[in-house]
Structures are given as C-alpha cells and as structure tokens.
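Structural characterization, general
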Amino acid sequence: MTALTQNELKILVAKKAIEYVPANAIIGVGTGSTADLFIDELAKIKDRIVGAIASSNRTAERLAGYGIRVFDVNEVRSVPVYIDGADEIDPQGFMIKGGGAAHTREKICASIAERFICIADASKEVDVLGKFPLPIEVVPLAREAVARRLTAIGGLPIWRVKDDQPVVTDNGCHILDVHDLRITDPLAMEQELTLIPGVLTVGIFALQPAHVALIATADGVKERSYR
Ligand code: 5RP
C-alpha cells in the first residue's frame, strides 16, 4: 500500500470532522487548506445546518460559493463548534495558528465557540510549540517597535511579504513571523506578547485552545480529547 499524501490526509480529516457538526446550528469555520477541504465536505450536508460564521474573507467566499449562509460574528452570541486547522498543536491542545494570516478572526470565532475542534494531519503534532515561526499580526506603524521587543526576548521577527509586497490581513494589518522561539509556557507567552503595544493578535492559541483534535495518520483519524 502506498503512503497517503499530506493532501489525502487532510481530506480524510475533513471528512471525519463532518461527524462533529451538530444539526440545525450555526457553526464556526476556520481558514486554510484543511479548512477549505472541510468546507467542501460541509457543502454536501449544507441543508442540515443553518449557516456559518467565517474566520476570513476567503472562507466566507468559499462558504457563500456553496450557498451556505454566512453570518456576521456580531449577529451570533455563540456557536456549538468551531472547526479549524493549525500550524502546530502540542500535547495539551495548545496551538500555533496564523500561517494563513487569519488568526485574529480565528481567535475571535474560537472565543465564542463552545468547542474548538482542531483538524490536522500528523505532521502538525509537536512536543513543544515554536518550530513553526510564530505569526503575530501587528498594526503597520508599530511593526519595527514590536519587532525590537520580539528580538529582545530572543526571537527573530521576519516581516511577511508575498510577491515583494507586505501581506495585508483582512484587518488591514501586517504579519511578523517570529523564528527561534521555544514556547515552553504557551499561556504565559501568549499573554506577554499580547500586551506589547501595536500587537493585534499573537498566533498562540493557549487561552483559546482546542477541546478536541482530529489527527489524520496513516492508520486513520485519531481523536485527541484535551478538555
Ligand atoms: C490560518 C491558520 C491555519 O489553520 C493554519 O495555517 C493551517 O493551515 P493548513 O490547513 O493550510 O495547513 O491558522 O491562519
């Protein structure tokens, strides 16, 4: 038997996540390639749900393209589940997110969710967060000031650019990707970095952790329950 590709693993976990979608509800939907595949599966059962809140313009467009009703987060008090990928997840269900520059809205959606269901392939599981450069969304005029503070704590912040242009988030902000951090205390670091003036959102999800992770492996999808 040939090994599954990373994309095949993502499809596997996207299909599995449908079992966690409650009927007649508005659910939260994340951003990224795994979330995109989940939306493709969600489209097949769209008549079972009322609609969704989206963690990015990209996700809102994909949902709407399938005829799934997209609600503004302001219209919704809470959602039973928020389903999203991650760049890294540790043994406590703490994550790094923001590889797709959507972590501010992802954190907001997660904050009004009863359960965060993380969907990922096994390559995202780590013992200690930080090998994946930590995305931090910053107000553009504070970029250098924030970068200096990050350097002072031992990080190497790199301004995220694409096609020679700064990446601009859905919130009109920029991203610093911080290399060389070993995040042994995610809760403390999330709080410390969030307090730096000019930081909009830190890509550590420890205050807003996963309740459950569905991890796609060569032996099928494993469910990890954290809380
Ligand atoms: C976007 C995110 C994504 O969840 C994360 O980057 C994982 O993406 P993918 O499913 O493409 O591997 O945090 O901001």
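Fair warning: this is a prediction, and the values are worked out from it, not measured in the lab.

**Focus: the overall build of the chain**
Helix and strand counts for the chain come out as six helices and 16 strands. Taking 2.2 N^0.38 as the reference for a compact globule, 227 residues should give roughly 17 Å; the C-alpha atoms of the chain span a radius of gyration of 17 Å, in line with that estimate. Seen through its principal axes, the chain has C-alpha atoms that stretch 50 × 40 × 35 Å. Sorting the 227 residues of the chain into buried and exposed places 54% on the buried side. Put simply, of all contacts in the chain between residues at least 6 apart along the chain, 71% involve residues at least 24 apart.

**Brief notes about the pattern of salt bridges**
Scanning the entire structure with this criterion turns up twelve salt bridges. With its nearest N and O atoms 3.7 Å apart, the salt bridge here joins Asp 36 to Arg 62. Separated by 26 residues along the polypeptide, Asp 36 in helix α2 (residues 33-44) and Arg 62 in helix α3 (residues 57-65) bring together distant segments of the chain. Through salt bridges with shared partners, a single network forms among Asp 36, Asp 40, Arg 58 and Arg 62.

**Re the site of the ligand**
The environment of the ligand is formed by 17 residues, the closest being Ser 33, Thr 34, Asp 87, Gly 98 and Lys 124. For the ligand, an oxygen atom lies 3.1 Å from a polar atom in the side chain of Glu 106. Starting from 380 Å² of accessible surface for the ligand in isolation, the protein chains cover 91%. Class assignment for the residues of the shell around the ligand results in three nonpolar, eight polar and six charged.

**A few points about the packing of helix α1 (residues 6-17) against α2**
For the pair α1 and α2, interaxial distance at closest approach is 8 Å and the crossing angle is 45°. Taken together, the axes of α1 and α2 lie oblique to each other. In the packing of α1 onto α2, the handedness of the crossing is right-handed. Contacts between α1 and α2 involve Asn 7, Lys 10, Ile 11, Val 13, Ala 14, Lys 15 and Ala 17 from the former and Ser 33, Thr 34, Leu 37, Phe 38, Glu 41 and Lys 44 from the latter. Classifying every residue of the contact of α1 with α2 by side-chain character gives six nonpolar, three polar and four charged.

**Section: the packing of aromatic side chains**
Here the structure, examined in full by the defined rule, presents two aromatic pairs. Between Tyr 82 and Phe 116, the aromatic rings sit 5.1 Å apart at their centres with planes inclined by 90°, giving edge-to-face as the arrangement. Remark: Phe 116 occurs in strand β7 (residues 113-121) and Tyr 82 occurs in strand β4 (residues 79-84); sequence separation between them is 34 residues. Judged by its relative accessible area of 1%, Phe 116 falls in the buried class.

**Side note on the packing of α2 against α3**
Two measures define how a pair of helices packs: the angle their axes make with one another and the distance between the axes. It is the contact of α2 with α3, at a shortest axis distance of 10 Å, that shows an interaxial angle of 20°. Comparing the axis directions of α2 and α3 gives the class roughly parallel. α2 and α3 meet at a crossing whose hand is right-handed. Facing Ser 33, Asp 36, Ile 39, Asp 40 and Leu 42 of α2, the residues of α3 in contact are Arg 58, Thr 59, Arg 62 and Leu 63.

**Here we look at the environment of Arg 62**
A residue is classified by how much of its surface remains accessible, and Arg 62, at 30% relative accessible area, is partly exposed. Spatially, the C-alpha atom of Arg 62 lies 7.4 Å from that of Ile 39, the residues being 23 residues apart in sequence. Residue contacts for Arg 62: discarding those within four places in its chain leaves Asp 36, Ile 39 and Asp 40. At a separation of 3.3 Å, a polar atom in the side chain of Arg 62 contacts the main-chain carbonyl oxygen of Asp 36.

**Looking at the environment of Tyr 20**
Structurally, Tyr 20 can be placed in the loop between α1 and β1 (26-29). Put simply, Tyr 20 and Ile 117 are 97 residues apart on the chain and 8.1 Å apart in space, counted from C-alpha to C-alpha. In this structure, Tyr 20 is in contact with Val 81, Arg 115, Ile 117, Val 212, Leu 214 and Glu 223, ignoring residues within four places of it in sequence.

**Structural notes on the side chain of Asp 87**
Within the fold, Asp 87 resides in the loop between β4 and β5 (88-89). No salt bridge is formed by the buried Asp 87; the nearest opposite charge belongs to Lys 124, separated by 4.9 Å. A polar side-chain atom of Asp 87 sits 3.2 Å from the main-chain amide nitrogen of Gly 98. Apart from the residues lying within four places of it in its own chain, the contact partners of Asp 87 are Ile 96, Lys 97, Gly 98, Gly 99, Lys 124 and Phe 132.

Reading guide: rules and limits
Residues numbered from 1 in each chain as written. Predicted model: local features only at pLDDT ≥ 70, side-chain atom pairs only at ≥ 80, totals over all residues. Heavy atoms only, no water. Helix = DSSP H or I, 4+ residues; strand = E, 2+ residues; numbered from the N terminus. Rg over C-alpha atoms; globule rule 2.2 N^0.38 Å. Buried < 20%, exposed > 50% of the residue type's maximum accessible area, 1.4 Å probe, protein only. Contact = heavy atoms within 4.5 Å. Salt bridge = Lys/Arg side-chain N within 4 Å of Asp/Glu carboxyl O. Near = heavy atom within 4 Å. Polar contact = N/O pair within 3.5 Å; in protein donor to acceptor, adjacent residues only side chain to side chain. Areas by Shrake-Rupley, 256 points an atom, 1.4 Å probe, with all protein chains shown as cover. Nonpolar A, V, L, I, M, F, W, Y, C, P; charged D, E, K, R; others polar. Axes fitted to C-alpha atoms, helices over the stretch in contact; angles between N-to-C directions. Parallel < 35°, antiparallel > 145°, perpendicular 65-115°, else oblique. Left-handed = near helix turned anticlockwise from the far one by under 90°. Phe/Tyr/Trp six-rings, centres within 6.5 Å; stacked < 30°, edge-to-face > 60°. Lys, Arg positive; Asp, Glu negative; His and termini not counted.

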